Each structure stands twice: as C-alpha cells, then as structure tokens.
Amino acid sequence: VGAVIGVDLKKDLSGVVVRVRLDKSAAVLATTAAQFWIVNPEIGFSGIHGLETLLTGARINVRPGQGAPATHFVGLEKIPAAENVRSGRAFILQSDRLGSLSSGAPVFYREVKVGTVETSRLSEDATSVLIRIRVERRYADLVRTTTRFWNAGGANFKVSLLGAQLKSTSLESLFTGGVAFATPDTAPLALVAEDSTQFTLSAEADKDWFKWAPVIAIQPQDSAPEPARRDAGVPPVLKP
C-alpha cells in the first residue's frame, strides 16, 4: 500500500524519522488511530511469520483505525495486541519479574490455549510486574476467585538417572513464554472472577494443582460478546 521514501536520524539523535508515501488508494489508512510497526521474524503456534524479511529486508505493517486524517505517528516496537478486545475477560497477574513473557504469548488451561497475554508494565512502586491477560469469552468462567496462575513459558529441563527431559507446554510458549492456570474443584465452586481481578503469577505450578478437575460449563461459540471496557488499554494501578 506504499513505500518508505526516506530514513533520517532525529536532530537530538534519540531515534529515527521514517518518511512513508502511501498509495493514493490507501490514503484512508492514515488516521489518528492507525498503528505502524516493523515486521520481524517470528515463530508462533500458528506458524512462522516474517521469515522472508531475513532475505528481503524489513517492512512496515499498518493497522487502520478511526479518527481524523494524520501525517505523524509513533512507530510501535512490536506487533500490537489483537484488536478483538470485546471478546473475553481481562485479568491482572502480579509477578516478581516478567521472564520470557511477551505480548501475544498464550494462556493455557489443561494445555489448551484459551487466551493471550496483552501487555505488561512495572507496578507503581516498581517492586513487581503487572501483566494483563485476556481469556476468551467462552472460557472466561474457568477463572474463579481461587484460580492459581503460573509461568508455563520457556524450556524446563529435568535431569535424572534415566536421562534428561525437556518440557514445554507448546512450541509457541517455548519462544514467547506462556501462562497456565487451574481452578480448585471445591464444592461449591468459588465465584467467577470479574473483569480486571488481580492474581499472583507463580514461577511454577504446585503438583496438586494438576489434580484439580472442576466441572465448569464452556459457553457456546455464538453467544453474545461481553461489552468492552473503556479502560482496557493499560493494567489498573496496583492497590494495597
């Protein structure tokens, strides 16, 4: 839909200014809410993306948005989170460190992908990391007030007398990190966790968590989506 026509250093040397000319038919893409980012090679659960840029060079992607026409944008450092924020429920995980987690990393329940990591930032007092995840609408009721979350990303090596084992929830989580969760099978079940409920993200799972098997109905695919939150752009401030 266009081409890069110039690249220059900023006057204060703090970054780069990229000049892009859009084709006439694509001029409507340049609005205040449009997002631009550089495509990098990526290995994910859905396959390998952007690998051709190793040979052809970098390219820029644009995601259109609403708003008035614009000519100046701040380029994103990585691909933005999925647009469909109206689907599912968001939760906040508190962790000592971010580890290998990145935006777009999978969220698992019983090793089935049920959501994604959206964004992360330091807490207000800089003592921890706040990670926002979104669980798909049909799986959202799996998350209860007593649910336990743990870091399921990267590779886990186990060495014994019988040899060495490499454990990873999926190929996707091996590269991007991942989160898994389990819910206690108490009677009665704990209440469904509301949007933006905060949980602690453990470094690893307790062995008893894998034994939990609560009976929780999965919502049908064609049920109405939940309304979007106006404050869904950033995790809420960590409160005492």
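What you see is a predicted model, and the numbers here were worked out from it, not measured in a lab. (Residues numbered from 1 in each chain as written. Predicted model: local features only at pLDDT ≥ 70, side-chain atom pairs only at ≥ 80, totals over all residues. Heavy atoms only, no water.)

Chemist: I'd like a rundown of the overall build of the protein, residues and numbers included.
Modeler: Across its full length, the protein carries two helices and 15 strands. Counting only residues that meet the buried cut, the protein has 32% of its 240 residues in that class. Intrachain contacts of the protein at a sequence separation of at least 6 include 69% that bridge at least 24 residues. Just so you have it, the protein exposes about 15500 Å², and 56% of that area is on carbon and sulfur atoms. (Helix = DSSP H or I, 4+ residues; strand = E, 2+ residues; numbered from the N terminus. Buried < 20%, exposed > 50% of the residue type's maximum accessible area, 1.4 Å probe, protein only. Contact = heavy atoms within 4.5 Å. Areas by Shrake-Rupley, 256 points an atom, 1.4 Å probe, with all protein chains shown as cover.)

Chemist: Describe the pairing of strand S1 (residues 2–9), naming the residues involved and giving the relevant values.
Modeler: Looking at chain direction, S1 and strand S2 (residues 16–22) are connected through seven bridges and run antiparallel. Its bridge partner being in S2, Val-4 is matched across the sheet by Val-20. (Pairing = 2+ DSSP bridges.)

Chemist: Tell me about the confidence of the model for the protein, and please be specific about residues and values.
Modeler: Here the protein averages 80 in pLDDT, while 73% of its residues score no lower than 70. Counting interchain partners and residues more than four positions distant, the pLDDT-below-50 stretch residues 44–48 has six contacts. With pLDDT under 50 throughout, residues 228–240 is counted as low confidence; its partners more than four residues away or in other chains account for 22 contacts. (pLDDT = per-residue confidence, 0-100.)

Chemist: An account of the sheet that holds strand S15 (residues 198–202) is needed here, citing residue identities and associated values.
Modeler: Read around the closed barrel, the seven strands follow the order S7-S10-S9-S8-S14-S11-S15; overall the barrel is mixed. For this sheet the average axis-to-axis angle between neighbouring strands, irrespective of direction, equals 35 degrees. Relative to strand S14 (residues 179–182), strand S11 (residues 148–151) runs antiparallel, the two being bridged by four bridges. Each residue of the ladder has a partner; that of Arg-148, found in S14, is Ala-182. (Axes fitted to C-alpha atoms, helices over the stretch in contact; angles between N-to-C directions.)

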